[in-house]
Every structure is written in C-alpha cells, then in structure tokens.
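Results of the structural survey
Given next are the chains, with one letter for each unit.
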Amino acid sequence: MALHSSSANIVQVQRTLKGSRFATNSTSFTDISGLNCSITPKFANSKILIMCTMGACGTEANNGDNGPAIRVLRNVAGGGYSIFGGGVGDSDGSRMRITMKGTSWAYNHDHMPGGVGFTVMDDPSYSVGQTLNYKVQIMCQDSSVPFRLNGNGLNANNGAIHQARSCTNLVVQEIGQ
C-alpha cells in the first residue's frame, strides 16, 4: 500500500478476539483477561485507532443501577500501563477518568443484552520500533452486582439465544499521517 503525506492511510491492523466468558465483581479496575492487543508502528508520526466491540455484557442488577466503569490503557515499550488523553474523559476535580460507563443492562441473571463498544484515537509519543500495547479494564460499582462478558450469569448449557457465547474484539490500527 502506498502512503501519501496528503491523507491518512491505514498502515496495519492488529486484532485480539476473546470468545470466552469473563466475570468479575471487583470494585477496583481489573484487566479483562485476554483483551489486550499490541502494535509496532512503522512510522514515527502515526496515530493509533483503537476499536473495541464487546459481546453480550453488563452487570446483573435488574433495576438499571450499578453500571461498570470501562477504560482502555496504553503501554509504550514496556514502560507500564497508563491512561491517555484520547482514551478517557478530561481531568475534572476528583472525578474518575474512564473511556465509558456502562449501565446495568441485565433483565435478570439469565438475560444479558447485546454488546457495547467504543472507538478511541490515540496520538502517542514513541520511537519507530517500539511496541504499543493496549488493554481494557473494568470496574464494578458494587461488588454484589458482578460484570459479565460474552455470557450471562446463569451460564446454562442449552441452545437458547440468551445462553449463547458471544465474542469481543479489540482492534488497533496504525494510521499513517
């Protein structure tokens, strides 16, 4: 693919697929196991587009309260994960900075709704050859209201749609400038 300085081009795409079920009731940010993706940019001034689509997911309260906090973090060349400007809300007092907040989507422990997703554009500082790693974390508002991903709380083994396994994708693209 030819790159032109007058317009942005997709240079490369990396993807992680998580098809297994994940659950947590942690009230501290917790990695969603297996939901991380790495990319080594080919150009020094590239931006990185991060897209995440989560399969059936939500917390298990049926009153519409106690939604989870979701955030994406970046690690440059093994230097440790941190939040970044384009991936979370602005600093504002003592408010938590997150990528998105979910709601309590479940009708009950047996019926999870469809998925959610987010798209983030990152403009990281790095040197060519350094690897950028991205991961997604979740935090429950209340430990008695767990978060589920790709499957519901009941987790019955039958052919019903509401018991199906869904998948979650984390895609990162290098966008040449």
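As a reminder, the structure under discussion sits directly above these lines.
Keep in mind it's a predicted model, so treat the numbers as computed, not measured.

On to the overall build of the protein chain. A tally of regular secondary structure across the protein chain gives 0 helices and 12 strands. Start at the N end of the protein chain and walk to the C end: the helices and strands fall as β-β-β-β-β-β-β-β-β-β-β-β. Evaluated residue by residue, the protein chain yields a buried proportion of 45% over its 177 residues. Surface exposure of the protein chain reaches about 8500 Å², of which carbon and sulfur atoms provide 47%.

Right, let's talk about the pairing of strand S6 (residues 69-76) for a bit. Where burial is concerned, most of S6 is hidden: 7 out of the 8 residues are buried. Two strands pair when backbone bridges link them, and S6 and strand S8 (residues 100-101) are joined in this way by 2 bridges, in the antiparallel orientation. Within the sheet, the bridge partner assigned to Ile70 lies in S8 and is Met100. Relative to strand S10 (residues 132-139), S6 runs antiparallel, the two being bridged by 8 bridges. Each bridged residue has a counterpart across the sheet, and for Val72 the counterpart in S10 is Val136. Looking at chain direction, S6 and strand S7 (residues 81-82) are connected through 2 bridges and run antiparallel. The residue bridging Arg74 from the neighbouring strand is Ser82, located in S7. Connecting S6 to the antiparallel partner S7 that follows it, the hairpin turn spans 4 residues, and Ala77 within it adopts a positive phi of roughly 55°.

Counting residues in hydrophobic clusters, the biggest one holds 27 residues, and the most contacted among them are Ile32, Ile50, Met54, Phe118, Tyr134, Val136 and Phe147. Once residues within four sequence positions are removed from consideration, Val136 is found in contact with Thr30, Asp31, Ile32, Leu35, Cys52, Met54, Ile70, Arg71, Phe118 and Leu170.

Read across the open sheet, the 4 strands follow the order S1-S12-S4-S9; overall the sheet is antiparallel. At either end of the open sheet lies a strand with only one pairing partner, and these are strand S1 (9-18) and strand S9 (116-122). On average, each strand axis in the sheet is inclined to that of its neighbour by 10°, with strand direction left out of account. As paired strands, strand S4 (residues 47-54) and S9 are joined by 7 bridges and run antiparallel to one another.

This part takes up the state of the cysteines. Applying the stated rule across the entire model yields 0 disulfides. Here Cys52 is not disulfide-linked; the sulfur of Cys57 is the nearest cysteine sulfur, at 8.8 Å. Overall, the relative accessible area of 1% leaves Cys52 in the buried class.

Thresholds, definitions, all that
Residues numbered from 1 in each chain as written. Predicted model: local features only at pLDDT ≥ 70, side-chain atom pairs only at ≥ 80, totals over all residues. Heavy atoms only, no water. Helix = DSSP H or I, 4+ residues; strand = E, 2+ residues; numbered from the N terminus. Buried < 20%, exposed > 50% of the residue type's maximum accessible area, 1.4 Å probe, protein only. Areas by Shrake-Rupley, 256 points an atom, 1.4 Å probe, with all protein chains shown as cover. Pairing = 2+ DSSP bridges. Core = buried A, V, L, I, M, F, W, Y, C linked by side-chain atoms within 4.5 Å. Contact = heavy atoms within 4.5 Å. Axes fitted to C-alpha atoms, helices over the stretch in contact; angles between N-to-C directions. Disulfide = S-S within 2.5 Å.

Honestly, it's all geometry; don't read function into it.
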